[in-house]
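Report on the structure
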Amino acid sequence: GTTARGGHDGGRMSRVMFRTGKRHQEDAAVWARQRLADRKGRTFSSADDQDGVLFADGVGLGKTWEALSAAALILYKKAQPKAGRRHVLILCPANLVTKWEDELADGSPFRGRLAAWSKKLEKTGQAKTAQLVEETLACVFPIRSGDHVRIKKKYGTFHPPGGTYIVSQSLITRRGHGLSALRREDWDVVIVDEAHNAAARKALDALQSRR
């Protein structure tokens, strides 16, 4: 459960506290409310007084769908669509690679929603862009070893084809031709699962050191 206490000082939020039993959850909740209140003078005083933030930190509360939906919208709203599929990277613990793969598998509930969204946009004149997003998220590359990205090189340099790559966080920091190519790729979207883990931060550091 979550409890909140708030106070006001001259129309501004002076104190908000959350108690969930987990420090990272409490810190995230306080940060989000401060971000919502700091520039528009918005204040919060009760647990149900919030706008624009969804927290789903428990098992089965929708984090995966929220992340994939956000990725779809980011790709859709890019001002200059590239020809062909985009590049999406999902970094997750090794034991969750299959879970993410299942969420994006043909016939999965999420893929059904994605297809319905794409079809709906046919009436808006944005069907081509929506279809490109759908194709990007439907073309899945689960990476469980360096051998999974040893694809034919072009002009001496390997460029991962467009699609969604699901990569173990601990794997992407290792040596290997294919893994190095993943680290230097110019990803359109990066999703980090279990982002509070040390392995996730190390994986992000490995990406940023090449950019």
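Remember, predicted model here, so these are calculated numbers, not experimental data.

When its secondary structure is counted, the protein shows seven helices and six strands. When its helices and strands are written in sequence order, the protein yields β-β-α-α-β-α-α-α-β-β-α-β-α. Out of the 211 residues belonging to the protein, those deemed buried represent 36%. In the protein, once contacts between residues fewer than 6 apart in sequence are set aside, the share between residues at least 24 apart is 63%. For the protein, the exposed surface amounts to about 12900 Å²; the carbon and sulfur share of it is 49%.

The subject of this paragraph is the sheet that holds strand β3 (residues 87-92). Here we have four strands laid out as an open sheet, ordered β4-β5-β3-β6, and parallel in their pairing. Edge positions in the open sheet fall to β4 (140-143) and β6 (189-192), since each of these has one partner strand only. Pairs of neighbouring strands in the sheet enclose a mean axial angle of 15 degrees, with direction left out of account. The sheet contacts of helix α2 (residues 63-77) involve β3 and β6, and relative to β6 the element is tilted by about 170 degrees. The strands touched by helix α7 (residues 198-208) within the sheet are β3 and β6, with β3 carrying the most contacts at an inclination of about 145 degrees.

Further remarks concern the confidence of the model for the protein. Close reading of the predicted structure is inappropriate where its pLDDT is low. Mean pLDDT over the protein: 77, with 70% of residues reaching 70 or higher. The model gives residues 1-14 a pLDDT under 50, and that stretch makes 37 contacts with residues more than four places away or in other chains.

Right, let's get into the packing of aromatic side chains. Enumeration according to the criterion identifies four aromatic pairs in this entry. Ring geometry for F141 versus Y165: centroids 4.6 Å apart, planes at 20 degrees, classification stacked. Taken together, the residues span a long stretch of sequence, with F141 in strand β4 and Y165 in strand β5 (residues 163-168) at a distance of 24 residues. Seen from their ring centres, Y165 and W187 are 5.4 Å apart, and the 70 degrees between their planes marks the pair as edge-to-face. One end of the pair, Y165, is in strand β5; the other, W187, is in the loop between α6 (177-184) and β6, and 22 residues separate them in sequence. The exposure class of Y165 is buried, given its relative accessible area of 2%.

On to the layout of surface pockets. To find leftover empty space, one rolls a probe the size of a water molecule over the atoms. Within this model, the second largest pocket holds a volume of roughly 180 Å³. Around the second largest pocket sit W65, S69, A72, L73, F110, R113, L114 and W117, which together line it. Elements with a contribution of two residues or more to the lining of the second largest pocket: α2 and α4 (109-120). Per-class residue counts for the lining of the second largest pocket are six nonpolar, one polar and one charged.

Another aspect to go through is the pattern of salt bridges. For side chains bearing opposite charge, pairing can occur when the charged atoms are close. Under the counting rule described, the total for this entry stands at three salt bridges. Its salt-bridge partner being R144, residue E101 comes within 2.9 Å of it at the nearest N-O pair. Remark: R144 occurs in the loop between β4 and β5 and E101 occurs in helix α3 (residues 97-103); sequence separation between them is 43 residues. Using a relative accessible area of 41% as the deciding quantity, one classes R144 as partly exposed.

The tendency in soluble globular proteins is for nonpolar side chains to be buried side by side. One finds L68, I90, W100, L137 and I191 to be the most contacted residues of the largest nonpolar core, which totals 18 residues. Where this core is concerned, the elements lending two or more residues are α2, β3, α3, α4, α5 (127-138) and β6. If one sorts the elements of this core by residue count, α2 sits on top with four residues. Here I90 is in contact with L68, W100, L104, T164, Y165, I166, V167 and I191, once residues within four sequence places are set aside.

Each value, and the rule that gives it
Each chain has its residues counted from 1, running along the sequence as written. Confidence filtering applies because this is a predicted model: local features only for residues at pLDDT of at least 70, side-chain atom pairs given and counted only at 80 or more, and all residues used for totals across whole chains, interfaces and linings. Just so you know, side-chain values use all the structure's heavy atoms and leave hydrogens and water out. By the criteria applied, helices consist of DSSP H or I runs no shorter than four residues and strands consist of E runs no shorter than two, each listed in order from the N terminus. Relative accessibility thresholds used throughout: buried, under 20% of the residue-type maximum; exposed, over 50%; partly exposed, between the two (1.4 Å probe, protein chains only). Any pair of residues with heavy atoms lying within 4.5 Å of one another is described as a contacting pair. Accessible surface is estimated by sampling points in the Shrake-Rupley manner with a 1.4 Å probe; for residues, cover comes only from the protein chains shown. Two strands form a pair only when DSSP identifies at least two bridges running between them. In this analysis an axis means a line fitted to C-alpha atoms, helices contributing only their contacting stretch, and an angle means the value between N-to-C directions, from 0 to 180 degrees. Note on scores: pLDDT gives the predictor's confidence for each residue, bounded by 0 and 100. Ring pairs are drawn from Phe, Tyr and Trp, using the six-membered ring of Trp, whenever the two centres fall within 6.5 Å, and their geometry is named by plane angle: stacked under 30 degrees, edge-to-face over 60, tilted for the rest. Using protein atoms alone on a 1 Å grid, points that fit a 1.4 Å probe yet trap it form a cavity, whereas open point sets bounded by protein on both sides within 12 Å along at least five of seven lines form a pocket; residues with an atom within 4 Å of a point count as lining. Grid points are joined across faces, edges and corners, and a volume is the space filled by probe spheres set on the points. By the convention adopted, Pro, Cys, Tyr, Trp, Phe, Met, Ile, Leu, Val and Ala count as nonpolar, Lys, Arg, Asp and Glu as charged, and the other residues, Gly among them, as polar. Should a side-chain nitrogen of Lys or Arg be within 4 Å of a carboxyl oxygen of Asp or Glu, the pair is scored as a salt bridge. Among the buried residues, those of types Ala, Val, Leu, Ile, Met, Phe, Trp, Tyr and Cys that are joined through side-chain atoms within 4.5 Å form a nonpolar core.

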